[in-house]
Amino acid sequence: MNLTEWKQKCAAVEAEYKKQIAAAADADVLEAARVASLGRKGALTELLKNLKDFSIEEKKEAGPLGNELKKNLEAAFESKEMTLVAAKLNADLEKTNIDLTLPGAPVAAGHYHPLTIALNRMTAVLSKLGFVWADGPQIEEEKYNFDYLNIPAHHPARDMQDTFFIAGKPGMVLRTHTSNVQVRYMEKNKPPLRIMSPGRVFRKDDIDASHSPVFNQIEGLYVDKNVSLADLKSDLTAFMKGLFGAKAEVRFRPSYFPFVEPGVEVDVKCVFCDGKSPCAFCKGTGWKEMLGAGIVHPQVLRNVGIDPEVYSGYAFGMGVERLAMMLLNIKDIRAFYENDLRILRQF
Ligand code: DAH
């Protein structure tokens, strides 16, 4: 075959398959035409094989021509294929009665649990006061939950916190408070330090409107040179005002915890009865106890290798649920745990 004949054959193949492409009414016919022209034994493939018999000069002309033709045909098949796919899709849609212009089914957007909402607000205020987040384990060694906090085995404070010990694991407890984090943190970090540690705690307790055997606390700890009760009072007052607004009233009462000296209990004026009429939340006293606090006991500092002659600190542990109840106007602690959607959806 000479070059002229070859070119004529190429033109014929092009014309023939462009015609077939235009006429193809479905994907199967189109695919058959593609195999017949571009397949391994296709008409164009066979023609391109002839290139090797041409002289160098002829190849310079025929090579690019052949390639061009191949690309052209490939593109024509591809574009026809897309047209057929779109046409089939439209035809299928015509047959159904789906109205694609209707708005979709709404996806229910989730939201935070009220306890998390309240917790986030508390930690936001604390972080503005310079506290950084620290974590601790919920299954804890007795020494971190009790001994290093100045609560030896015989101490009545262990009874007060009716502990869940873990069967078959002597010396392991479900932590009764977040105060374990104080010790763990000070073992690894030296002052100045200022941490908050929110988390779950466990005590054998009855379940009623204000008690639950599992609840949450936030521990706070600030240790530096010259930290005093004045710092504790001003920071906790700032915290309560940051949380409840500038009108919040705070009351400090002397109290006892083995790991602080002196110790205090901090009450907030009840928001439900405004301190005037008796209510179930504050039991008619007009105040609700929100947290325990105090100046870190020198022995606790010594237990973690911090010199109490150089450093002092304050600590506090507050009940997240209690604060959350006041903050979100929830009068029964069980509302946090029962997952009643009628309640949860209000937040
Ligand atoms: N751990 C105490 C409790 O659960 C609360 C507490 C009191 C924490 C005084 C403190 C503190 O850090 O200084 O009842």
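Description of the structure in this document.

Parameters at a glance
- What you see as residue numbers is a count from 1 along each chain, following the sequence as written.
- Reporting of local features is limited, given that this is a predicted model, to residues whose pLDDT is at least 70; pairs of side-chain atoms are given and counted only at 80 or more, and all residues count toward the totals for whole chains, interfaces and linings.
- For side-chain calculations, the full set of non-hydrogen atoms in the structure is used, while hydrogens and water are omitted.
- When the centres of two rings from Phe, Tyr and Trp lie within 6.5 Å, Trp using its six-membered ring, the rings pair. Their planes under 30 degrees apart give stacked, over 60 give edge-to-face, and anything left gives tilted.
- Working definition: with a 1.4 Å probe on protein chains only, accessible area under 20% of the residue-type maximum means buried, over 50% means exposed, and in between means partly exposed.
- Whether a charge lies above a ring is judged from NZ of Lys or CZ of Arg, which has to be within 6 Å of the ring centre and within 35 degrees of the ring normal.
- The term disulfide is used for any two cysteine sulfur atoms that are within 2.5 Å.
- Proximity is defined per residue: if any heavy atom of the residue lies within 4 Å of a molecule or strand, that residue is considered near it.
- We define a polar contact as two N or O atoms separated by no more than 3.5 Å, with the added condition that, inside protein, one atom must be a possible hydrogen donor and the other a possible acceptor, whereas residues neighbouring each other in sequence contribute only through side-chain atom pairs.
- Method for areas: the Shrake-Rupley scheme with a 1.4 Å probe, in which residue coverage is limited to the protein chains shown.
- Runs of H or I in DSSP of at least four residues are treated as helices and runs of E of at least two as strands, each being numbered from the N terminus.
- Gly is put with the polar residues, along with every residue not named as nonpolar or charged; the nonpolar set is Ala, Val, Leu, Ile, Met, Phe, Trp, Tyr, Cys and Pro, and the charged set is Asp, Glu, Lys and Arg.
- Paired strands are those between which DSSP finds at least two bridges.
- The salt bridge criterion pairs a side-chain nitrogen of Lys or Arg with a carboxyl oxygen of Asp or Glu, the two atoms within 4 Å.

**Regarding the packing of aromatic side chains**
Then, number 1: Per the counting criterion, the structure on display carries 8 aromatic pairs.
Then, number 2: Centre to centre, the rings of Phe 272 and Phe 281 are 4.9 Å apart; their planes meet at 85°, and the pair counts as edge-to-face. The exposure classification of Phe 272 matches that of Phe 281, with both residues buried.
Then, number 3: Through a chain of ring-to-ring contacts, three or more aromatic side chains come together here, namely Phe 131, Tyr 222, Tyr 314 and Phe 316.
Then, number 4: Taking the ring centre of Tyr 222 as reference, the NZ or CZ of Arg 194 above it sits at 4.3 Å.
Then, number 5: In this structure, Lys 288 packs its charged tip against the face of Phe 281, placed 4.8 Å from the ring centre.

**Comments concerning the state of the cysteines**
Then, number 1: With the rule as written, the count across this model stands at 0 disulfides.
Then, number 2: In this structure Cys 273 is a free cysteine whose sulfur lies 3.5 Å from that of Cys 282, the closest cysteine sulfur available.
Then, number 3: Exposure remark for Cys 273: the relative accessible area of 7% places this residue in the buried category.
Then, number 4: Summary of cysteine pairing: Cys 279 is not part of a disulfide, and the nearest cysteine sulfur, belonging to Cys 282, is at 3.5 Å.
Then, number 5: Taking relative accessible area as the criterion, Cys 279 reaches 17% and is therefore assigned buried.

**So, the site of the ligand**
Then, number 1: Inspection of the region around the ligand gives 16 residues, with His 177, Ser 179, Arg 203, Gln 217 and Glu 219 positioned closest.
Then, number 2: One of the side-chain N or O atoms of Gln 217 is found 2.9 Å from an oxygen atom in the ligand.
Then, number 3: Backbone polar atom of Ala 315 to an oxygen atom of the ligand: 3.1 Å apart, as the coordinates give it.
Then, number 4: Starting from 360 Å² of accessible surface for the ligand in isolation, the protein chains cover 93%.
Then, number 5: Sorting the residues of the shell around the ligand by element identifies strand 5 (214-224), strand 8 (287-296) and strand 9 (312-319) as the ones contributing at least two each.
Then, number 6: Across the shell around the ligand, the residue classes tally to 6 nonpolar, 8 polar and 2 charged.

**Comments concerning the pairing of strand 9**
Then, number 1: Along strand 9, 8 of the 8 residues are buried, which leaves the element largely enclosed by surrounding structure.
Then, number 2: Of the two faces of strand 9, the one lined by Ser 312, Tyr 314, Phe 316 and Met 318 and the one lined by Gly 313, Ala 315, Gly 317 and Gly 319 are each fully buried.
Then, number 3: As judged from the 8 bridges shared by strand 5 and strand 9, these two strands associate in the antiparallel manner. Note that in strand 9 the partner of Gln 217 across the bridge is Gly 319.
Then, number 4: Across 5 bridges, the pairing between strand 8 and strand 9 is antiparallel.

**What to know about the pattern of salt bridges**
Then, number 1: Summed over the entire model, instances satisfying the criterion amount to 16 salt bridges.
Then, number 2: With a closest N to O distance of 2.6 Å, Glu 61 and Lys 7 form a salt bridge. Linking Glu 61 in helix 4 (residues 56-95) with Lys 7 in helix 1 (residues 3-23), this pair joins segments that are 54 residues apart in sequence.
Then, number 3: According to the relative accessible area criterion, Lys 7 is partly exposed, its value standing at 31%.
Then, number 4: Across the pair Arg 194 and Asp 235 runs a salt bridge, and its minimum N-O distance is 2.9 Å. Taken together, the residues Arg 194 in strand 4 (residues 193-202) and Asp 235 in helix 9 (residues 229-244) connect sequence positions 41 residues apart. Neither Arg 194 nor Asp 235 differs from the other in exposure class; each is buried.
Then, number 5: Three or more residues joined by partner-sharing salt bridges are found here, namely Glu 140, Glu 141, Lys 143 and Arg 184.

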